[in-house]
Structures are given as structure tokens and as C-alpha cells.
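# Understanding the architecture of this molecule
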Number of protein chains: 2
Amino acid sequence: MVEIPDSHPRKRSLLSRQKIVEGSHRGLLADSAMIAHGRGEAFDYMLGERTTDSARLAIRESASRLRAANNPVISVNGNTVLLAGKGALRLAAVIGCPIEVNLYYRTPERVAGLLSLLEDQRKAVAEEEAPIGFEGEWLGTVNAVTLLGGSPDFRIQGLEGPRSHCTEKGIGVAETILVPLEDGDRCEALVNLDKEVIVIDLNPLSRSSKMATVTIVDEVSRAFDGILAALLDPDEMGYDEWDNDFVLKEALREMSSLVSDSSTPTL
Amino acid sequence: MVEIPDSHPRKRSLLSRQKIVEGSHRGLLADSAMIAHGRGEAFDYMLGERTTDSARLAIRESASRLRAANNPVISVNGNTVLLAGKGALRLAAVIGCPIEVNLYYRTPERVAGLLSLLEDQRKAVAEEEAPIGFEGEWLGTVNAVTLLGGSPDFRIQGLEGPRSHCTEKGIGVAETILVPLEDGDRCEALVNLDKEVIVIDLNPLSRSSKMATVTIVDEVSRAFDGILAALLDPDEMGYDEWDNDFVLKEALREMSSLVSDSSTPTL
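Not measured: the values here are computed from a predicted model. (Residues numbered from 1 in each chain as written. Chains lettered and ligands numbered in written order. Predicted model: local features only at pLDDT ≥ 70, side-chain atom pairs only at ≥ 80, totals over all residues. Heavy atoms only, no water.)

Glancing now at the nonpolar core. A:Ile99 and B:Ile99 are the most contacted members of the largest nonpolar core, which totals 108 residues. Those residues in contact with A:Ile99, other than ones at most four positions away along the chain, are A:Ile74, A:Val76, A:Ala88, A:Leu89, A:Ala92, A:Leu118, A:Val145, A:Thr146, A:Leu147 and A:Leu148. In this structure, A:Leu248, B:Tyr45, B:Leu47 and B:Met255 belong to the second largest nonpolar core, which totals 24 residues. (Core = buried A, V, L, I, M, F, W, Y, C linked by side-chain atoms within 4.5 Å. Buried < 20%, exposed > 50% of the residue type's maximum accessible area, 1.4 Å probe, protein only. Contact = heavy atoms within 4.5 Å.)

Among all residues except glycine, the phi angle is most often negative; among peptide bonds, the trans geometry is most common. Residue and element names in this part refer to chain B. Positive phi is not limited to glycine here, since Glu-49 has a value of about 50°. One can find Glu-49 in the loop between helix 2 (32–46) and helix 3 (53–68). A relative accessible area of 22% places Glu-49 in the partly exposed class. In this structure, Asn-71 is a non-glycine residue whose phi angle is positive, near 50°. Relative to the assigned elements, Asn-71 resides in the loop between helix 3 and strand 1 (72–76). (Helix = DSSP H or I, 4+ residues; strand = E, 2+ residues; numbered from the N terminus.)

Residue and element names in this part refer to chain B. Spatially, six strands are ordered 3-2-1-6-7-8 in an open sheet, and the strand pairing comes out parallel. Either end of the sheet is taken by a strand with one partner, and the two such strands are strand 3 (147–148) and strand 8 (214–216). Note: strand 1 against strand 2 (residues 99–101), three bridges, orientation parallel. Bridge assignment links Val-76 to a residue of strand 2, and that residue is Val-101. (Pairing = 2+ DSSP bridges.)

Here we take up the pattern of salt bridges. All names here are of chain A. Applying the stated criterion to the full structure yields 36 salt bridges over all chains. In this structure, the salt-bridge partner of Arg-90 is Glu-128, at a minimum N-O distance of 2.7 Å. Taken as a pair, Arg-90 in helix 4 (residues 78–95) and Glu-128 in the loop between helix 5 (108–126) and helix 6 (138–143) lie far apart in primary sequence, 38 residues in all. Arg-90 gets classed as buried once you look at its relative accessible area, which sits at 18%. (Salt bridge = Lys/Arg side-chain N within 4 Å of Asp/Glu carboxyl O.)

All names here are of chain B. The element strand 6 (residues 176–180) is largely enclosed, with a buried count of five among its five residues. As paired strands, strand 1 and strand 6 are joined by three bridges and run parallel to one another. Among the inter-strand pairings, Val-73 is bridged to a residue of strand 6, identified as Ile-177. In the sheet, strand 6 pairs with strand 7 (residues 196–200) via five bridges, with the strands oriented parallel. Directly across from Pro-180, in strand 7, lies its bridge partner Ile-200. Crossover strand 6 to strand 7 through helix 8 (residues 184–192) is right-handed. (Right-handed = clockwise from strand over helix to strand, strands pointing away.)

On to the packing of aromatic side chains, then. Scanning the model with the defined rule gives six aromatic pairs over all chains in all. Considering the side-chain rings of A:Phe134 and A:Trp138, the 5.0 Å spacing of their centres and the 75° angle between planes classify their relative orientation as edge-to-face. (Phe/Tyr/Trp six-rings, centres within 6.5 Å; stacked < 30°, edge-to-face > 60°.)

With respect to the secondary-structure elements, A:Thr167 resides in the loop between strand 5 (165–166) and helix 7 (168–172). Non-local contacts of A:Thr167, meaning those with residues more than four positions away in its chain, are made with A:Glu100, A:Leu148, A:Gly149, A:Ser151, A:Pro152, A:Asp153, A:Phe154 and A:Gly172.

What follows concerns the environment of B:Phe224. Residue position: B:Phe224 is located in helix 10 (residues 220–231). Linking B:Phe224 and B:Ile200, residues 24 residues apart in sequence, is a C-alpha distance of 9.2 Å.

Residue and element names in this part refer to chain A. With 19 residues, helix 5 ought to run about 27 Å at 1.5 Å a step, and its terminal C-alpha atoms sit 27 Å apart, in line with that. By the burial criterion, the buried members of helix 5 are Arg-110, Val-111, Leu-114, Leu-115, Leu-117, Leu-118, Gln-121, Arg-122, Val-125 and Ala-126. Buried positions along helix 5 lie against strand 1 (72–76), helix 4, strand 2 (99–101), helix 6 and strand 3 (147–148). (Expected span 1.5 Å × (residues − 1).)

All names here are of chain A. Close contact between helix 4 and helix 10 (residues 220–231) brings their axes to 9 Å; oriented N to C, the two are set at 10°. On the basis of their axis angle, the class for helix 4 and helix 10 is roughly parallel. On the side of helix 4, the interface is formed by Thr-80, Leu-83, Ala-84, Gly-87, Ala-88, Arg-90, Leu-91, Val-94 and Ile-95, while helix 10 contributes Val-220, Ser-221, Phe-224, Asp-225, Ile-227, Leu-228 and Leu-231. Split by residue class, the contact of helix 4 with helix 10 holds eleven nonpolar, three polar and two charged. (Axes fitted to C-alpha atoms, helices over the stretch in contact; angles between N-to-C directions. Parallel < 35°, antiparallel > 145°, perpendicular 65-115°, else oblique. Nonpolar A, V, L, I, M, F, W, Y, C, P; charged D, E, K, R; others polar.)

Turning to the sheet that holds strand 7 (residues 196–200) of chain A, a few remarks are in order. Two pairing modes exist for strands in a sheet, parallel and antiparallel, and in both the strands are linked by backbone hydrogen bonds. All names here are of chain A. With parallel pairing, six strands are arranged side by side in an open sheet as 3-2-1-6-7-8. Here the strands that pair on one side only, and so sit at the sheet edges, are strand 3 and strand 8 (214–216). Direction of pairing for strand 7 relative to strand 8: parallel, over a ladder of three bridges. Considered in strand 8, the bridge of Ile-198 is made with Val-214. In the packing of helix 4 onto the sheet, the strands contacted are strand 1, strand 2, strand 3 and strand 6 (176–180), and the crossing angle to strand 1 comes to about 170°.

On average, chain A scores 92 in pLDDT, and the residues at 70 or more come to 96%. Quick note on the complex model: pTM equals 0.88, ipTM equals 0.83. (pLDDT = per-residue confidence, 0-100.)

Take the state of the cysteines next. Applying the stated criterion across every chain, the model contains zero disulfides over all chains. Just so you know, A:Cys166 is unpaired, no disulfide at all, and the nearest cysteine sulfur is the one on A:Cys187, 15 Å from it. A disulfide-free cysteine, B:Cys97 has its sulfur positioned 15 Å from the sulfur of B:Cys166, the nearest such atom. Residue B:Cys97 is classed as buried on the basis of its relative accessible area, which comes to 4%. (Disulfide = S-S within 2.5 Å.)

Residues and elements named next belong to chain A. With respect to the helices, strands and loops of the structure, Arg-10 is situated in the segment before helix 1 (11–25). What makes Arg-10 buried here is its relative accessible area of 3%. For the pair Arg-10 and Tyr-45, spaced 35 residues apart in sequence, the C-alpha separation works out to 9.3 Å.

Attention now goes to the packing of helix 4 (residues 78–95) of chain B against helix 5 (residues 108–127) of chain B. Residues and elements named next belong to chain B. Put simply, helix 4 and helix 5 touch, their axes get as near as 9 Å, and they point 35° apart. In the packing of helix 4 onto helix 5, the handedness of the crossing is right-handed. Residues Gly-78, Val-81, Leu-82, Gly-85, Lys-86, Leu-89 and Arg-90 of helix 4 pack against Leu-114, Leu-117, Leu-118, Gln-121, Arg-122, Ala-124 and Val-125 of helix 5. For the contact of helix 4 with helix 5, the class distribution of residues is eight nonpolar, three polar and three charged. (Left-handed = near helix turned anticlockwise from the far one by under 90°.)

Turning to a negative patch on the surface, a few remarks are in order. Residues A:Asp240, A:Glu241, A:Asp243 and A:Asp245 make up a contiguous surface patch of negative charge. Within the element layout of this structure, A:Asp245 appears in helix 11 (residues 244–261). (Patch = residues over 30% accessible without salt bridge, like charges linked within 9 Å, V, L, I, M, F, W, Y side chains within 5 Å. Areas by Shrake-Rupley, 256 points an atom, 1.4 Å probe, with all protein chains shown as cover. Lys, Arg positive; Asp, Glu negative; His and termini not counted. Charge placed at Lys NZ, Arg CZ, Asp CG, Glu CD.)

In C-alpha cells, the structure reads:
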């Protein structure tokens, strides 16, 4: 692995890229995962690689909905586990919900590999100090997070084949799903089942972004950090009405103003 | 391979993606190649997946410079050969210049694999009808294109290690280099050697884009098609003065106006 100096203006992005390349070598990712990551890099670059004001509104709304939800679940794919598995575990611990590994290109080997990586990440998260604002016993709470996906026993209606498989205890019964980096077809199927779908997607023009109940246009690990902070801050309430089109338009506006400015560090 | 219906609005982009995935399976690409392709997809998406007016200016200028050049060469990497190797061969035949396989992450296996793929592509191109406007014997001209890169015997000054290797007959003596998808460091080194560097790069903010003599902000196979047509059209002359910053600013302006419009098909 190449050492990236701390002074590099895009260090965090380059470290994320290394995680994806290594995960691919370890067989944890589908073919298209690296290409999807590259697309994300370009969109994040155009956001200035920061959480924008409009993403912060969506983060706050999402935290509020996850706090209030019946049977929430966090659905993760390979890229999410590699880039932000620890963040998912912290969120699941604070919300008290399961994490389900759910892959569009499902193979038993990849699901097992990602569950095993989540178990490793859980050990590291359990040893951390509890996040500020968390009341309770951190180590036990983290260890109590249920990891699902190894034995799918349910189907997402409206989809065919392996991509429809899920678990009843997780996505099956969930009324609210936090699902970063989701495929458009599956997002649509989940919305059609009247589930509340919170998507994290760097492309504000994607079908998932357009179809979700709440779309956080942000990099997944930054979004998870933001949701965690909002969950643990009693002042961070949601909004009476949520206009998802507004945050998508704002994301596009911020991208186009940054692109016309062009003073960002070079890719 | 998945069949993509002709009606799909993004069929050409999806076919390009398949070529990159297959090339990666065949060991022709470095780790970062799929991620780079994904970044390109996102930038091209924001260009509307079409050759913009400002890219057309740069294509015309490039054709004019390649026509007038002493010892031009086309430098290709793995992504270029997979996405547009036939286009490179057509250009080399019309210009009468060599193609050099030159990789940032050079391994003898990848160079040999790409040269072998170019030989296959050459057979197909030689059997095509000559492009409109071409005068001469097409099959013999295509078969006469020299393919370099297998035995590097020269170095690009200002670079260290394997990425500095090249051939004397190709990049070594060339005064004009057409180099799609180039790394920023190498572009800088070539410019510092007082070579005329024509870059094809979808990211108008990249270091290569900013440093090149002429930057074509366009997808590589569309750019090659455009240069070929311009080379063969006697009315397509270059410009008395070339302002490369202008085309980069125009590309950014077109991206930001498309992004604020957002009526493009979804990714």
C-alpha cells in the first residue's frame, strides 16, 4: 500500500479508494463496485468532499425518523461495509436496530466475507469510548447488534432473482430502512412496499436519490458520522414537512456553483 | 454478459463499462483503472454524454496539429485500448504515426496483453472500408502502423521508476503526443520536455487537463472519431491562437449548466 502524506488535500478520498481496491482483491465486491466508487469520487469531488448544508438538513431529518421508527434496519452492501462498516455499527448500537448485509449481486461467499468483516469491525467499535451523548453501557450495546443476511428467508416483493432475497427479521419487517449506495430498482421496490427509505447517494440525479423518502447526498462515512451526532443531540429534531426534491435541487446547485468556481484541489 | 436493449438511453456508456470490467478480468488493467473509469462515467454524464461545442474546437485544433506534426505518436494505456483501440489504429493509419503502449503501472504481462489486443483490433480495422476522405490503400496502411511499447529502451526525463520507461522511436523522439487518460505527473514531464501534448480527459479540473497544450474534454472513443473526421476534412483547419484555458472553462460551464438543468436520463 502506498503511504499518503497527511498534507495531501485529498487524503481521505485516497484512503477510501485503497479500502475499495483491497476489498476487491479480497473478493468482497462485485465487478461493478470499483466503477461505482469512481463515480462517487467524481460526484464527491464536485461537492468539495464535504457535507453540504442541504445534506445536513437530510441528515437531521433522517436521524429524527430513525429515532422514531418501528423496526428500523440498516441495509449494507460491500462498499458500505468497506468504507463505513464501523459507522454502521455505531449507528445500529445507538438506534438499537439490526444491520443486514444485502447485495444486489449476491453470492454466499461475499455475504459471509462481509459479515466476518463486520464482526472484526464490531470488536474495534466495542473497544472505543462511547460516543458523546450516549447513555448506557457501550460495549454490551455494540455486542448486542444483530448482524443479518447470512440466511435469507424472505423476498422483497416486486423484484426477481437473487437481488430480491432478504431476511424477514431485517428488511422483511422493517418500516424504515437506512440504505446507502442502493440500486434504483431495489429502492423503487422498497418504496412501493410503503417502507420509509432513507438513501445515502452522492449522485443527486440517480433513480435511488429521486425515489427515496429522504436522500442524503453525501459520502457514506461522513453521512454516518453526521447521523450519529444528530441522533445523540436532543436538539436535533426533524422537520414538520419534508421536501426531498428541495435537497436534491440544492445538491445540484452546490455542485454547479463549485464547478463554476473551480478552485478545488486537483484530482 | 448482460444484454442491454437498444432502447436504453445510456447503452453506449454501459457497453463501455462492460469492456472495462472484461479487460480487468483478463488482467489487462491496473487496480485503479475501474475506479478511474467510474470517475470518467460521472464526468461524462455531466457533459450529457456528448461531444460539446468546446470539445469540438479542441478536436479541430488537435487534428490540425497532428497533421502538421514532426514525429507524432499516440500513447495508449489499458483503458484507451479497451475503449477505443480501433479508433487509435484508424488515427495512426491516417496520420502515419506509431502507437505506443505506455502504462503508469507497467508490467510486461499487461503491455504484452494490450499489444496482442491491438493486433486483434488491427485485423478488424484493416478489413473495414477506408474512412470517407481517405486517399490510399487502407488495408496496407493499417497493417503498416507500428505498435511500440514491448521493449522500452528510453526514459521520460523527470520521472522515476517504471512509469518513466518508453521507447525511443515512439515517445522518445516525438514532438507531438496524443495521450488520452494520462496521469498528471507524466503529462507534466512531457510538457517540461517541450513536447506538444494533446490530452483527452473528461475531468476539466485534472492536472493533465490544466497542463496539456490542447485538452479535449470528451470521452475517448468519441474524441477519436471526431479527430479522424477532422483529419480527413480539408476544411477543418486549426486556429491561429490556441487558448486552452478557454476550452476548460467552457467545459466547466457546460457541466454546470447541465447539472442545474437535470433533465438527463438517470444513472
